[in-house]
Amino acid sequence: MIATYTRKELMVVAAAREIHDGEVVFVGMRLPLLGFGLAKATHAPTAVGLFENGVIRDRPAEAFIYTMGDPPNIAGAVACLGLNDVMSLLQQGRVDVGFIGGAEIDPLGNLNTTRTSSSGTLVRLPGSGGGGDIASLAGRTVLIMEHEPRRFRERVDYITSPGHFPGRRRGGPATLITTLGVFDLSRGEVRAVSLHPGVTADDVRNATGFPIAVADSLPATAPPSADELAYIRRADPDGFWTGDSMKPR
Amino acid sequence: MHEIIRQQRRDLTLVGPISDMAFDQLIAAGTVAKVIAAWVGNVAGGSGYGFRRAYEQGQPRRIVMEDHSNFTVGLALKAAAMGLPYLPTFTGIGGDIIRGHPRIRPVEDPFGGPDLLAVGALKPDVAIIHVQRADAFGNAHLWGNLGLTVEAAYAAPRTIVVCEEIVPDEMIRSDPNRTMIPGFLVTAVVEEPGGALPSSVQGYWRRDFETFLSYHRLSRTVEGFQSWLREWVLDLPDRPAYLRHMGGAVLERLHVTERRLAATANFAP
């Protein structure tokens, strides 16, 4: 029997696979948070996680958390420093990989989380948070996006988190994980690596607002194993981050 | 924070890296003229609707936004805390935040390295911080989620420490490395248990997640926000009344009664 799983659970697994053992990871909230815990529990037991509020953890939080400041993310941490301390480590080049989400993306991996007029009226988004810093300073970045035409734009209205640009000193977008597939961004263009089970090349082309390289025969993203699913459902028991709906309950 | 709204303060500038719904409430209540921040919204829910209405429609008033990343807010406060005009950084190069930014300018490395960005010092008039415990002189112990609390307290000429409990100064002296803010920097110390709710305070309060979500739902409309504002701010005189309005059952659920104590450290001379 094939276990059923949600797209979000598949994205968590894909995020976990981007973390190699021994790496220092700048962890975001939502799916990357679960991906970090999953990687630690499976193939990357010695990975270390930094949180922008200053928390450093080498094991996942003991209970479900909604924000990185929640008490279960503090208890059992290896260190609780300040924001400037972990950002300094990031700037120094001590962070191998960081995760960032965005509302809009362009072919160079520029992310917009600040403001957009793509719908015809001005919409204010929350802003950079640590995203712009991770994009600038991490050894490589993994981007997490909902795959919709209005979000995949030839040019984003505002570059909150810089992608590839001439003169970049370090890092840049390496991988893009979306609701439809996994894409390589390391060469300054978006190239499909695997499509999630059931997704066709045309689905991806139709959901992308710019020309995108999708070969007609691509492997399917490997589905979560029973153990991986069990981990995710322990970490997110109500499906708050990984349920079918993108919106909170 | 709610008292600022009750006193009808106006034209405030808010400073913070990532703000949760506190900024949204102050903005939607019309107290704010300018926001200097990296992220404004509702961390678990997403959009801050009050912030969006102010920014997109000028409702209830127009606000000026000084966009930052977390690190540039941190560096701006740190520069002020260090008594410097600016601190250099590599963050933000290649992006739009730094373009035409009033507080971020290109700067040459005097030692011949690659060009940098200078983040100008940011000195808030007042820092309001919540800590676990302080003595009557304002010497403050805090632990857990630090963020930019310490930088803010150092940068601002006036710092108000709100604490869960005022303790004898001997207790503070027993663990001086945990004193993140020395009392001579503190203008006023306020004992206000539960003063940070619905946010968490390590070892004292869990995060009241339901309140963040219900505010997120209600604040979607102006009418919803106004009813929230009446119920939770305008019709209540003070913080103890807010806690009573939350109700005993909720407080009991949020109050941390378990103990997981840090190992002691020997300070014997």
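These numbers come from a predicted model, not from an experiment. (Residues numbered from 1 in each chain as written. Chains lettered and ligands numbered in written order. Predicted model: local features only at pLDDT ≥ 70, side-chain atom pairs only at ≥ 80, totals over all residues.)

## Quick look at the overall build of chain A
Assigned secondary structure in chain A consists of seven helices and 13 strands. For a compact globule of 249 residues, the expected C-alpha radius of gyration is about 18 Å, and chain A comes in at 17 Å, within 12% of that figure. When contacts within chain A are restricted to residue pairs at least 6 apart in sequence, those whose partners lie at least 24 apart make up 64%. (Helix = DSSP H or I, 4+ residues; strand = E, 2+ residues; numbered from the N terminus. Rg over C-alpha atoms; globule rule 2.2 N^0.38 Å. Contact = placed C-beta atoms within 7 Å.)

## Considerations on the overall build of chain B
Looking only at helices and strands, one finds 10 helices and 11 strands in chain B. Relative to the globule expectation of 18 Å for 269 residues, the C-alpha radius of gyration of chain B, 20 Å, shows essentially globular dimensions. With the principal axes as the frame, chain B shows a C-alpha extent of 60 × 60 × 30 Å. Relative to its full complement of 269 residues, chain B shows a buried share of 42%. Restricting to contacts in chain B with at least 6 residues of sequence separation, those with at least 24 account for 64%. (Buried ≥ 20, exposed ≤ 12 C-beta atoms within 10 Å, placed from the backbone.)

## Concerning the domain arrangement of chain B
Examined at the domain level, chain B breaks down into domain 1 (2–67), domain 2 (72–106 + 115–120), domain 3 (126–191) and domain 4 (209–254). Computed from C-alpha atoms alone, the centre-to-centre distance between domain 1 of chain B and domain 3 of chain B is 25 Å. (Domains from an automatic or database assignment.)

## A word on the nonpolar core
In this structure, Val12, Ala15, Phe26 and Ile144 of chain A together with Ala76, Leu77 and Val161 of chain B are the most contacted members of the largest nonpolar core, which totals 130 residues. Top element by residues in this core is helix α4 (residues 70–81) of chain B. It accounts for eight residues. In contact with valine 161 of chain B, not counting residues within four places along its chain, are Ile129, Val131, Ala134, Gly138, Ala140, Ile181, Val186 and Val189 of chain B. Leu197, Tyr204, Trp205 and Leu254 of chain B belong to the second largest nonpolar core, which has five residues in total. (Core = buried A, V, L, I, M, F, W, Y, C linked by C-beta atoms within 7 Å.)

## Overview of the interface of chain B and chain A
Interface size is commonly expressed as the accessible surface area that is lost when the partners come together. Each side of the interface is counted separately: chain B has 48 residues, and chain A has 39 residues. For the side of chain B that touches chain A, the elements supplying multiple residues, two or more each, are β1 (12–19), β2 (32–40), α3 (49–57), α4, α5 (149–155) and α7 (209–218) of chain B.

## So, the sheet that holds β2 of chain B
All names here are of chain B. The three strands lie next to each other as β1-β2-β3, forming an open sheet whose pairing is parallel. Every other strand in the sheet has two partners, leaving β1 and β3 (64–67) as the edge strands with one partner each. Looking at each pair of strands side by side, their axes are set apart by 20° on average, direction ignored. Here seven bridges tie β1 to β2, and the two strands are oriented parallel to one another. Each bridged residue has a counterpart across the sheet, and for threonine 13 the counterpart in β2 is lysine 34. Set on the sheet, helix α2 (residues 21–28) makes contact with β1 and β2; between it and β2 the angle comes to about 160°. (Pairing = 2+ DSSP bridges. Axes fitted to C-alpha atoms, helices over the stretch in contact; angles between N-to-C directions.)

## Examining the sheet that holds strand β12 (residues 181–184) of chain A
Residues and elements named next belong to chain A. Taken together, the nine strands give an open sheet; going across it, the order is β4-β3-β2-β1-β5-β10-β11-β12-β13, and neighbouring strands pair in mixed fashion. The open sheet has two edge strands, β4 (79–80) and β13 (191–195), and neither has a second partner. Summarising the sheet, strand β1 (residues 24–26) and strand β5 (residues 97–101) pair through two bridges and their orientation is parallel. Looking at β5, one finds that phenylalanine 26 is bridged to glycine 98.

## Side note on the packing of helix α2 (residues 31–41) of chain A against helix α7 (residues 226–235) of chain A
Residues and elements named next belong to chain A. The geometry of α2 relative to α7 is characterised by a closest axis approach of 10 Å and an angle of 130° between their N-to-C directions. The orientation of α2 relative to α7 falls into the category oblique. Here α2 runs over α7; the crossing is right-handed. Contact residues: Leu34, Gly37, Leu38 and Ala41 in α2; Glu228, Tyr231, Ile232 and Ala235 in α7. Residue composition of the contact of α2 with α7, grouped by class: six nonpolar, one polar and one charged. (Parallel < 35°, antiparallel > 145°, perpendicular 65-115°, else oblique. Left-handed = near helix turned anticlockwise from the far one by under 90°. Nonpolar A, V, L, I, M, F, W, Y, C, P; charged D, E, K, R; others polar.)

## Let's talk about the environment of arginine 53 of chain B
Residues and elements named next belong to chain B. Mapped onto the secondary structure, arginine 53 falls in helix α3. Its 22 C-beta neighbours within 10 Å are what place arginine 53 among the buried residues. It is 50 Å that separates the C-alpha atoms of arginine 53 and threonine 264, two residues lying 211 residues apart in sequence. Setting aside its immediate chain neighbours within four residues, arginine 53 contacts Ala28 and Gln59.

## A short note on α3 of chain B
With respect to burial, α3 of chain B is a largely interior element, seven of its nine residues being buried. Regarding α3 of chain B, the residues found buried are Tyr49, Gly50, Phe51, Arg52, Arg53, Ala54 and Tyr55 of chain B. The inward-facing, buried residues of α3 of chain B contact β9 (123–124) of chain A together with α2, β2, β3 and α8 (222–234) of chain B. At the C-terminal side of α3 of chain B, glycine 58 of chain B shows a positive phi close to 65°.

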